[in-house]
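Structure assessment
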Amino acid sequence: MHPKVQSDMTKKFVRCCCKKFRWIPSRHQSTSTASTISGSANTGSIKSLSDVPGPRGIYNIPFIGDALQFYPYRETMESHLYFRHLHKRYGKMARFRLGMKHCLILFDPELFGGVMAHEDYYPERFPVPIIETYAKRRNRAMFNIQKGPEWLSIRSPAQKSIKPGVLKQYINPQSQCAEELVTWLENHGNNNPGIKDALMRYSADANAIVAFDKRIGFLQKMDSPDPEHELFLHSISQFMDLVGQSVYSAPLYKLWRTKLYTEFETAADTVYKISEKYVDEAKQELEKQRKPADETGSSEVPAELTILKHLLHDGQMPKEFIINFMIALLFGGVEQVSQFLMWMFWLLGKSPEKQEKLYTEISNNVEDFRVTAENIGHLPYLKACVKETFRRVPPIVTGITRKVLRDTEIGGYHIPKGTFLFFGNNTLSMSEEYFEKPEEFRPERWLPGAHDPQTQRLMGLCVLPFGMGKRNCLGRRFAEQEIHLAAIKVDSAKISCRNNRGLW
Ligand code: HEM
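Let me begin by describing the structure that accompanies this report. What you are looking at is a predicted structure, and each value in this text was computed from that prediction instead of being measured. (Residues numbered from 1 in each chain as written. Predicted model: local features only at pLDDT ≥ 70, side-chain atom pairs only at ≥ 80, totals over all residues. Heavy atoms only, no water.)

Re the overall build of the protein chain
- Along the backbone of the protein chain there are 17 helices and 8 strands.
- When the accessible area of the protein chain is evaluated, it comes to approximately 23700 Å², of which 54% is carbon and sulfur surface. (Helix = DSSP H or I, 4+ residues; strand = E, 2+ residues; numbered from the N terminus. Areas by Shrake-Rupley, 256 points an atom, 1.4 Å probe, with all protein chains shown as cover.)

Quick look at the structure:
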């Protein structure tokens, strides 16, 4: 399609959605108003961002300063260790620079809570420049990096399509994926070096069911792989690896197509092309499901529709938006869910008594280990194990990020519009101030009634694996279902990963 036609269609779609759902901010939501968020960092008169404690001198020179600050952590990509250093040295708030961007990191859960309570109408996260560059060059509406009304024009109908009952539709096929994971572990040994790949295949399979209504069978077909499926999986993993690498290298790809960029572009194009094919297949299937048109010309569709079919049936969102949204659902889960499972299996494997406790809970509540929409939600110890794994190994290295979209006062400092906020979840989740013996894997701390409500609230704000507020993880319930299914099946087969061979 000609880019001009596409962009006109996009504008029309966004305008129409804004009108329909009244998404234009009202005057009291104007982006120019300042808000005040108090915390314990500074209680005196209002100071400016430059007064916030933080690295000074050479460390404040754009690019040179960041290179010096992050250099020690570059090899292992452990930038969260730099944030821990900032907390130790400067306390509850610290200011630092990333390129030309002014950043502020908060190590105070009350301040996070305050920032989120005053969240903007169209929240924005810290940018991912390589994806932005790709989206611009290809004129693609990549969901995760979208801003303003364009973002909400997809988020809102998509969120509506994730109705409470929709999760149930995925439980049986996703259960089969979890059973295939168990078979793989039984056949190859739970400490096989291929376990990382097997977990990635599990989460890619489980997520493809959500994104494309398709049971690909990445794990099942490992012995006789389908070239297209393998290319798809390879490109997904390549896409994510290259995003990670791009964060630690100079953004020269903005000027010309560097080797890293061309590899990224090839991976992203391949994912798009194959995803488009899967979306088209789902559309054809939907057509077949439709009952023939009656004499008035209207045709009926089955009452229960999956997310993809709901969006295709609704017909409001342009196909390109649907493809990009489905890609966001796919990427949202694949790496995060597989990484999470690696850590949880390892942490449980190191604590046999906790694993046994989990086994008892599962065997008492899940009859014949057959997971249903009813029993999956009644496993408090499993939920506590998941939460504790998220605390012990936070999934997002940088913690949650937001762009300040209007001048704001935070903790007694005037924070100008355009500053980037980082929430120090990665530091706080290991802090003795909020967690007793933080090094220990103790799911019990998350059980209902383990702490008074205020302590529990602060603990929750320290961890936040799925983010918070209007721009939180859209796939949270899917992620939890995929995690719970894998944990129930693996634990009920009494498989334990006691050493970390192959896990990373
Ligand atoms: C362990 C698994 C997962 C973790 C830890 C995780 C975490 C996150 C986080 C932290 C964010 C940013 C939230 C914020 O800025 O407040 C996010 C966004 C998102 N996640 Fe997840 N996620 C997971 C799995 C999934 C799954 C399975 C899906 C899809 C089925 C998904 C889809 C998305 C999407 C679409 C967004 C972007 C939302 C937006 O920008 O409006 N995630 N996720």
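Let's talk about the coordination of the iron atom of the ligand
- No other protein atom reaches the iron atom of the ligand as a donor apart from Cys473 (SG), found 2.3 Å away.
- In this fold, cysteine 473 is placed in the loop between helix 16 (453-463) and helix 17 (476-492). (Donors = N, O, S within 2.8 Å, 3.2 Å for Na, K, Ca; no water.)

Focus: helix 5 (residues 129-138)
- Listed in full, the buried residues belonging to helix 5 are Ile130, Ile131, Thr133, Tyr134 and Ala135.
- Its buried side turned inward, helix 5 meets helix 9 (227-247) and helix 10 (259-289). (Buried < 20%, exposed > 50% of the residue type's maximum accessible area, 1.4 Å probe, protein only. Contact = heavy atoms within 4.5 Å.)

Overview of the site of the ligand
- Lining the immediate environment of the ligand, one finds 27 residues, of which Arg125, Arg155, Arg402, Arg471 and Cys473 sit closest.
- In this structure, an oxygen atom belonging to the ligand sits 2.7 Å away from a side-chain N or O atom of arginine 125.
- The separation between an oxygen atom of the ligand and a polar side-chain atom of arginine 402 is 2.8 Å.
- Secondary-structure elements contributing two or more residues to the shell around the ligand are helix 6 (148-161), helix 12 (319-350) and helix 17.
- Top contributing element to the shell around the ligand by residue count: helix 12, with 5 residues.
- Residue composition of the shell around the ligand, by class: 15 nonpolar, 8 polar and 4 charged. (Near = heavy atom within 4 Å. Polar contact = N/O pair within 3.5 Å; in protein donor to acceptor, adjacent residues only side chain to side chain. Nonpolar A, V, L, I, M, F, W, Y, C, P; charged D, E, K, R; others polar.)

Observations regarding the sheet that holds strand 8 (residues 420-423)
- The mixed open sheet is built from 4 strands, whose spatial order is 3-4-8-5. Looking at the sheet topology across the chains shown, the edges are occupied by strand 3 (93-98) and strand 5 (401-403). Shown here is a sheet whose adjacent strand axes are inclined to one another by a mean of 25°, direction ignored.
- Judged from the 3 bridges that link them, strand 5 and strand 8 form a sheet pairing that is antiparallel. Bridging across to strand 8, threonine 401 finds its partner in phenylalanine 422.
- Of the strands in this sheet, strand 3, strand 4 (101-106) and strand 8 touch helix 3 (residues 80-90), which is tilted by about 135° from strand 3.
- Of the strands in this sheet, strand 3, strand 4, strand 5 and strand 8 are in contact with helix 4 (residues 109-117), which crosses strand 8 at around 135°. (Pairing = 2+ DSSP bridges. Axes fitted to C-alpha atoms, helices over the stretch in contact; angles between N-to-C directions.)

Details of helix 9
- Between its first and last C-alpha, helix 9 extends 30 Å over 21 residues, near the 30 Å set by a 1.5 Å rise per residue.
- Of the positions making up helix 9, those classed as buried are His229, Phe232, Leu233, Ser235, Ile236, Phe239, Met240, Leu242, Val243 and Ser246.
- Buried-residue contacts for helix 9 involve helix 5, helix 8 (195-212), helix 10 and helix 12.
- Where helix 9 begins, one side-chain oxygen reaches toward the backbone nitrogen of glutamate 228, 2.8 Å away; that side chain belongs to aspartate 226. (Expected span 1.5 Å × (residues − 1).)

Observations regarding the packing of aromatic side chains
- For the structure on display, the rule yields 23 aromatic pairs.
- When the centroid spacing of 4.3 Å and the interplanar angle of 15° are considered together, the rings of phenylalanine 239 and phenylalanine 331 count as stacked. One end of the pair, phenylalanine 239, is in helix 9; the other, phenylalanine 331, is in helix 12, with 92 residues separating them in the sequence. Comparing phenylalanine 239 with phenylalanine 331 shows no difference in burial state: the two are buried.
- For the ring pair tyrosine 359 and phenylalanine 369, a centre distance of 6.0 Å and an interplane angle of 40° mean the geometry is tilted. Of the two residues, tyrosine 359 is situated in helix 13 (residues 352-365) and phenylalanine 369 in the loop between helix 13 and helix 14 (380-392); the sequence distance between them amounts to 10 residues.
- Taking relative accessible area as the criterion, phenylalanine 369 reaches 23% and is therefore assigned partly exposed.
- Three or more aromatic residues joined by ring pairs make a cluster, and in this case those are Tyr82, Phe83, Phe96, Phe126, Phe420 and Phe422.
- Lying over the aromatic face of tyrosine 261, arginine 137 brings its terminal NZ or CZ to 4.6 Å of the ring centre.
- Over the ring of tryptophan 446 we find lysine 387; its NZ or CZ atom is 5.1 Å from the centre of that ring. (Phe/Tyr/Trp six-rings, centres within 6.5 Å; stacked < 30°, edge-to-face > 60°. Lys NZ or Arg CZ within 6 Å of the ring centre and 35° of its normal.)

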